[in-house]
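Reading the structure
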Amino acid sequence: MKPLGLINAPVACKVSYFIDAPSATWDRDKLAASFSSQEVSDILKIPLSRRLPPDKVFWYPNKNGFYTVKSGYYKACAIINRESASSSSSAITSNEIWKRIWNCSIQPKIKHFLWRICHGALPCTDNLVKRSVPVLNCCPRCGVSPENDLHALKNCDEVRGIWLLSPLSLRSDSFQASSMVERMNHMFTSLKGEDIQTFLTCLWVIWNDHNNIVFNNKRVPLPLLFRCVSEFSSINSGSRGRHRTTPENVSWKAPPANAFKVNSDAAVALHRNMSVAATVCRDATGKVLKCGVKILHGIVDVELAEAQGIMLGLQMAITIPGLKMVVESDALNVIHRLQHPSLFLDNIQLVIEDCLDLVKDADVVFQHVRRNDNTVAHTLAKWGVFFDSDKLFDGEISFPVNELIILTS
């Protein structure tokens, strides 16, 4: 790596100059002043340890840390493909998207709802005002922004949270769209088969919930809002089909009375070149003791982010005195490495060693769980993508994740 030229750094400075010692993290401001954005991104992928172990040199594409010609060839091809790749999106008309919708196996009433979106006929307040209907152009959910169809079904803060609770666990900020037609076109290219039908059905469910607010009808509790999606899928397919993971199937087993449980997960946001680690500590009654999220800038490797999630959980857990820890994650490989420590030579090993060092004097059990049993931490990690900084909470948890606490406890 070469500096950009004249930089704001001491002459002959060492790597430690670019490290924030108290937090044991890279100083992003100093890195940005000295290296290119791609080089900064590569540096941020290197985890740091508070233990300050001796430096190690390893070839990260191989799990054993050693270089081979084969791995070098594949890495070179990946770099070439990355540099030559270009993202492009072609314009699509409402009639073209409607043809795709018409071929989907969904309920006729949902097709009618989607037809209204394609033709700008959805009765959101923005459309009603344009037609001289005497209503206040304001979203009934957030009460702040004018309401067009894109806001009502995607951009409203409350709707963003609702999408995270959907069977697809979508982050609605992952793609910026100027209209709902563009949004649906993007989903048609991103999702396949049953998933696109689930997405379209979820749109209708969210709009139906919107109407219940407008007309003061009884709303379905948010954790159960998408229960009908799998039912519609079964009806449309003519059989039971395969069951999706819905909030109704969520399960969480409480720890013994003399213990508390730490659930961790991570969400990778490639479009923002970062990951979010999340953790939730709960006692035997299901009460939240601590929870939080940590932004991992530059880290887009799933296993590394999952390991950092467990590290965050342990850092919070060791501040809770006197109880046994049960640490759960749906990252099978990371849990296996914690259960059976060995001398790997990769960037994840540093985090594994830090985790084990943190709890060397504690009574702790590491165990793997299914994604269903880790839903709260999983949803918190996805919701954490909307945060701009690390967030730690004592005894509370933010919407929409709080809606899952009662259901899983």
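Residues numbered from 1 in each chain as written. Predicted model: local features only at pLDDT ≥ 70, side-chain atom pairs only at ≥ 80, totals over all residues. Heavy atoms only, no water.

1. Description of the packing of helix 9 (residues 180–190) against helix 10 (residues 194–214)
So the rule is basically this: Structural elements are reduced to axes, namely lines fitted to C-alpha atoms, with helices fitted over the stretch in contact, and the angle between N-to-C directions of any two is expressed from 0 to 180 degrees. We count a stretch as a helix when DSSP gives it H or I for four or more residues in a row; a strand needs E for two or more, and each element gets its number in order from the N terminus. Under this scheme an angle from 65 to 115 degrees is roughly perpendicular, one under 35 degrees roughly parallel, and one over 145 degrees roughly antiparallel; angles in between are oblique. A clockwise turn of the near helix away from the far one marks a right-handed crossing, whereas an anticlockwise turn of less than a right angle marks a left-handed crossing. Note on contacts: a residue pair is in contact if any heavy atoms of the two residues lie within 4.5 Å. Residues are sorted three ways: Asp, Glu, Lys and Arg are charged, Ala, Val, Leu, Ile, Met, Phe, Trp, Tyr, Cys and Pro are nonpolar, and all the rest, Gly among them, are polar.
Between helix 9 and helix 10, the least distance of the axes is 10 Å, while the angle of their chain directions is 155 degrees. As the angle between them shows, helix 9 and helix 10 are arranged roughly antiparallel. Pair helix 9 / helix 10 crosses with right-handed handedness. Together, Met180, Arg183, Met184, Met187 and Phe188 of helix 9 and Ile196, Phe199, Leu200 and Leu203 of helix 10 make up the contact between the two elements. A breakdown of the residues in the contact of helix 9 with helix 10 according to their chemical character gives eight nonpolar, no polar and one charged.

2. Notes on the packing of aromatic side chains
Note the cut-off: Pairing of aromatic rings covers Phe, Tyr and the six-membered ring of Trp, with a centre-to-centre limit of 6.5 Å; geometry is then stacked below 30 degrees between planes, edge-to-face above 60, and tilted otherwise. For each residue, the accessible area found with a 1.4 Å probe, counting protein chains only, is set against the maximum for its type, and the residue is called buried under 20%, exposed over 50%, and partly exposed in between. Counting as a charge over the ring demands two things of the Lys NZ or Arg CZ atom: a distance within 6 Å of the ring centre and an angle within 35 degrees of the ring normal.
If you walk through the whole model with that rule in mind, you get six aromatic pairs. Where Tyr17 meets Phe18, the ring centres are 5.1 Å apart and the plane angle is 80 degrees; that geometry is what we call edge-to-face. On the accessibility criterion, Tyr17 (22% relative accessible area) is partly exposed. The buried category is assigned to Phe18, whose relative accessible area is 9%. With 5.4 Å between their ring centres and 20 degrees between their planes, Trp163 and Phe199 make a pair best called stacked. Residue Trp163 is located in helix 8 (residues 157–165), and its partner Phe199 is located in helix 10; the two are separated by 36 residues in the primary sequence. Across the pair, Phe199 and Trp163 agree in class, each one buried. Linked through ring pairs, Tyr17, Phe18 and Phe35 together constitute an aromatic cluster. Between the NZ or CZ atom of Lys30 and the centre of the ring of Tyr17, over which it lies, the distance is 4.2 Å.

3. So, the environment of Lys109
Following the sequence through the fold, Lys109 ends up in helix 5 (residues 108–118). Residue classification places Lys109 among the partly exposed positions, given a relative accessible area of 43%. For the pair Lys109 and Trp204, spaced 95 residues apart in sequence, the C-alpha separation works out to 9.0 Å.

4. Structural notes on a nonpolar patch on the surface
The line we're drawing: Surface patches are defined over residues having more than 30% relative accessible area and no salt bridge, joining like charges when they lie within 9 Å and nonpolar side chains (Val, Leu, Ile, Met, Phe, Trp, Tyr) when within 5 Å. Accessible surface is estimated by sampling points in the Shrake-Rupley manner with a 1.4 Å probe; for residues, cover comes only from the protein chains shown. Note on definitions: salt bridges are taken to be side-chain nitrogens of Lys or Arg within 4 Å of carboxyl oxygens of Asp or Glu.
Side chains of Val129, Val133 and Val135 sit close together on the surface and give an oily, nonpolar patch of about 180 Å² of accessible area. Classification of Val135 as partly exposed rests on a relative accessible area of 36%.

5. Some remarks on the sheet that holds strand 8 (residues 391–394)
Rules: The pairing criterion is simple: DSSP has to find at least two bridges between the two strands.
Within the open sheet, the six strands sit side by side as 7-6-3-4-5-8. Their pairing is mixed. In this open sheet, the two strands that pair with only one neighbour each are strand 7 (364–368) and strand 8. On average, adjacent strands in this sheet sit at an angle of 15 degrees to one another, irrespective of strand direction. Of the strands in this sheet, strand 6 (324–329) and strand 7 are in contact with helix 13 (residues 332–339), which crosses strand 7 at around 150 degrees. Sheet strands in contact with helix 15 (residues 375–383) are strand 3 (259–269), strand 4 (274–282) and strand 5 (288–297), and its direction is about 140 degrees off that of strand 4.

6. Regarding the confidence of the model for the chain
The following threshold applies: One number per residue, pLDDT, summarises how confident the predictor is, and it ranges from 0 to 100.
Overall, the predicted model of the chain reaches an average pLDDT of 83, with 86% of residues at or above 70. Per-residue pLDDT stays below 50 along residues 85–91; that stretch engages in two contacts with residues further than four places along the chain or on separate chains. Between residues 239–248, whose pLDDT stays under 50, and residues either more than four places distant or in other chains, the model counts 19 contacts.

7. Comments concerning the nonpolar core
Just so we agree on the cut-off: The nonpolar core is taken to be a set of buried Ala, Val, Leu, Ile, Met, Phe, Trp, Tyr and Cys residues, with the residues joined through side-chain atoms within 4.5 Å.
If you look at the biggest cluster of nonpolar residues, it comprises 44 residues, and the most contacted ones within it are Phe113, Leu114, Leu153, Met184, Phe199, Leu200 and Leu203. The dominant element in this core, judged by the number of residues it contributes, is helix 10, at nine residues. Counting 29 residues, the second largest nonpolar core, distinct from the first, contains Phe260, Val262, Ala317 and Val334.

8. Observations concerning the packing of helix 8 against helix 15
Closest axis-to-axis distance for the helix 8/helix 15 pair is 10 Å, and the angle between their directions is 140 degrees. Taken as a pair, helix 8 and helix 15 cross one another with a handedness that is right-handed. Here helix 8 contributes Asp157, Arg160, Gly161, Leu164 and Leu165 to the contact with helix 15, which in turn contributes Thr379, Lys382 and Trp383. Here the contact of helix 8 with helix 15 is composed, by residue class, of three nonpolar, two polar and three charged.

9. A word on unusual backbone geometry
The phi angle at Ala24 is positive, at roughly 55 degrees, despite the residue not being glycine. Within the fold, Ala24 resides in the loop between strand 1 (19–20) and strand 2 (25–26). With a phi angle near 65 degrees, Ser132 is a residue other than glycine that sits in the positive phi range. With respect to the helices and strands, the residue Ser132 is situated in the loop between helix 6 (125–130) and helix 7 (149–155). Note on Ser132: relative accessible area 66%, which makes it exposed.

10. Considerations on helix 15
Residues separated by three or four positions in an α-helix point in the same direction, a consequence of the helix having 3.6 residues per turn. The element helix 15 is largely enclosed, with a buried count of nine among its nine residues. Among the residues making up helix 15, those that are buried are Thr375, Val376, Ala377, His378, Thr379, Leu380, Ala381, Lys382 and Trp383.

11. Some words on the pattern of salt bridges
Counting across every chain of the model gives 15 salt bridges. Between Asp354 and Arg51 there is a salt bridge; the shortest N-O distance is 2.4 Å. Highlighted residues: Asp354 in helix 14 (residues 347–358) and Arg51 in the loop between helix 2 (37–44) and helix 3 (69–84), separated in sequence by 303 residues. Of the charged contacts, one joins Asp394 and Lys290 as a salt bridge, the two residues approaching to 2.8 Å between their closest N and O atoms. Residue Asp394 is located in strand 8, and its partner Lys290 is located in strand 5; the two are separated by 104 residues in the primary sequence. A residue is classified by how much of its surface remains accessible, and Asp394, at 56% relative accessible area, is exposed.

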